[in-house]
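Residues per chain are reported as follows:
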Amino acid sequence: MAKDNNVFTPIPGPTITNTKAFTHAAKLAEKLEKADRKLRRRQRYVEKDGRCNVQHGNVRETYRYLTDIFTTLVDLKWRVSLLVFIMAYAITWLFFGVIWWFIAYCRGDLEHLEDPGWTPCIKNLNGFVSAFLFSIETETTIGYGHRVITDKCPEGIILLLLQAILGSMVNAFMVGCMFVKISQPNKRAETLVFSSHAVISLRDDKLCLMFRVGDLRQSHIVEASIRAKLIKSKQTQEGEFIPLNQTDINVGFETGDDRLFLVSPLIISHEINEHSPFWEVSKRQLAMDDFEIVVILEGMVEATGMTCQARSSYLVDEVQWGHRFMSVLSLEDGFYEVDYNSFHQTFEVPTPVCSARELAEASARIDAHLYWSIPSQLDEKVEEEGTEKQDKQRNGSITSPESEQALSE
């Protein structure tokens, strides 16, 4: 019997080895999952600062950029714009300076510099440097009065008119580009902030996806509106694969809640219902899913009246299930104070881990069970009244002998 019992005793050696192997495999899987999440975090469609992570390649019709040269110059980087600004003036000054020097050279003005009886085209022009300075004075309308054009040079008069007109066009074009570039509302969007994370929790007994937006400036954004897009790969029923399919996320378009009065930070809520793309997503499925939520805030700058747009995005790792945002508003003496230290902070709240669809079905089952299991008082009264009527009818149909004798007399 002792030998038979030894057959059923566990062997400790292999068990320990298997446990170590399982622990090592679990750690390796966790590292791979973290690496995969880091890789997915790099592949954003829209960066947190609003910059779109898309580069255009193999653009062959580059002439289209030149047809819209004004917008092309405005979209250039500042160092390139300043270089174009300087080169535009320097080239025109040099170009007309060469022409002024060429006119003086062809007329022989440079050979009669000391001749008082010679009437040159331009007085006091003695070389290329002086011609270049005269070109600058003409185009910028400085007019120092030392070098002047005479009335004995018709070609010089024509060139003077041409340079004045062309110089005005260059001034209007370049100054306009610089003014538009300086007044662009892109920097205004830097003061529009989004919460670093989005949260999913219950609001009025319904699962909601929420994020927070705020404006750091005292001047308001007029006609502010908010939109949200779900960026996720999709395969159609016909087998077509769409790598970056865009789906609208309703943040109050039907009710007007997407029109914001952005004076203090607001929590934007998306109710997860049967029309939501997160209708069948549970907490476990959310961790395994791969998508990106892009939020877009648009409005007009109150100071300039120009349209401003701020963007941000949330990956799967940046969506916290079962969290809620900390309050940032407090009532002070005669005003409300916003504490931006708590703008990005969240805290955990009790939240079901099932999907919104499962939660709705469970609520429907509970309501149906309560409806059928608890009879109402009205039904009880109806049953009692029916019983009394039946008793009266039975009693009225059965007569006693005394009543029959009275009826016969």
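Before reading further, recall that the structure is shown in the block above.
Residues numbered from 1 in each chain as written. Predicted model: local features only at pLDDT ≥ 70, side-chain atom pairs only at ≥ 80, totals over all residues. Heavy atoms only, no water.

I keep staring at helix α6 (residues 128-139) and nothing clicks. Help me out?
Residues spaced three or four apart along an α-helix point in a common direction, a consequence of the helix completing one turn every 3.6 residues. Over its 12 residues, α6 extends 17 Å from the first C-alpha to the last, a length consistent with the 16 Å expected when each residue adds 1.5 Å. Along α6, the residues that are buried comprise Ser130, Ala131, Phe134, Ser135, Ile136, Glu137, Thr138 and Glu139. The inward-facing, buried residues of α6 abut α5 (78-107) and α7 (154-182). A positive phi of about 55° marks Thr141, the residue just after α6. (Helix = DSSP H or I, 4+ residues; strand = E, 2+ residues; numbered from the N terminus. Expected span 1.5 Å × (residues − 1). Buried < 20%, exposed > 50% of the residue type's maximum accessible area, 1.4 Å probe, protein only. Contact = heavy atoms within 4.5 Å.)

Hey, could you run me through the pattern of salt bridges in this one?
Within the structure shown, the criterion is met by 12 salt bridges. A salt bridge links Lys232 to Asp289, with the nearest nitrogen and oxygen atoms 3.1 Å apart. One end of the pair, Lys232, is in strand β4 (residues 221-235); the other, Asp289, is in the loop between α8 (283-288) and β8 (292-301), and 57 residues separate them in sequence. A relative accessible area of 31% means that Lys232 is categorised as partly exposed. As a salt-bridge pair, Glu280 and Arg357 come within 2.5 Å of each other at their nearest N and O atoms. One end of the pair, Glu280, is in the loop between β7 (266-271) and α8; the other, Arg357, is in helix α9 (residues 356-373), with 77 residues separating them in the sequence. By relative accessible area, which is 45% here, Glu280 ends up partly exposed. Several salt bridges share partner residues, and in doing so they unite Arg44, Lys48 and Glu318 into one network. (Salt bridge = Lys/Arg side-chain N within 4 Å of Asp/Glu carboxyl O.)

Can you walk me through α5 in this structure?
End to end, α5 covers 44 Å across 30 residues, agreeing with the expected 44 Å (1.5 Å per residue, within 8%). On its buried side, α5 packs onto α4 (69-75), α6 and α7. Where α5 terminates, the next one or two residues include Gly108, which has phi positive at roughly 85°.

Where do I start with the state of the cysteines in this structure?
What we call a disulfide is simply a covalent bond connecting the sulfur atoms of a pair of cysteines. Under the criterion given, the structure shown has one disulfide. Each sulfur in the disulfide pair Cys121 and Cys153 lies 2.0 Å from the other. Its S-S torsion of approximately -75° makes the covalent link between Cys121 and Cys153 left-handed. Here Cys121 is found in the loop between α5 and α6, whereas its partner Cys153 is found in the loop between α6 and α7, with 32 residues between them in sequence. Cys153 shares its class with Cys121; the two are buried. (Disulfide = S-S within 2.5 Å.)

Just geometry here; none of it tells us what the structure is for.
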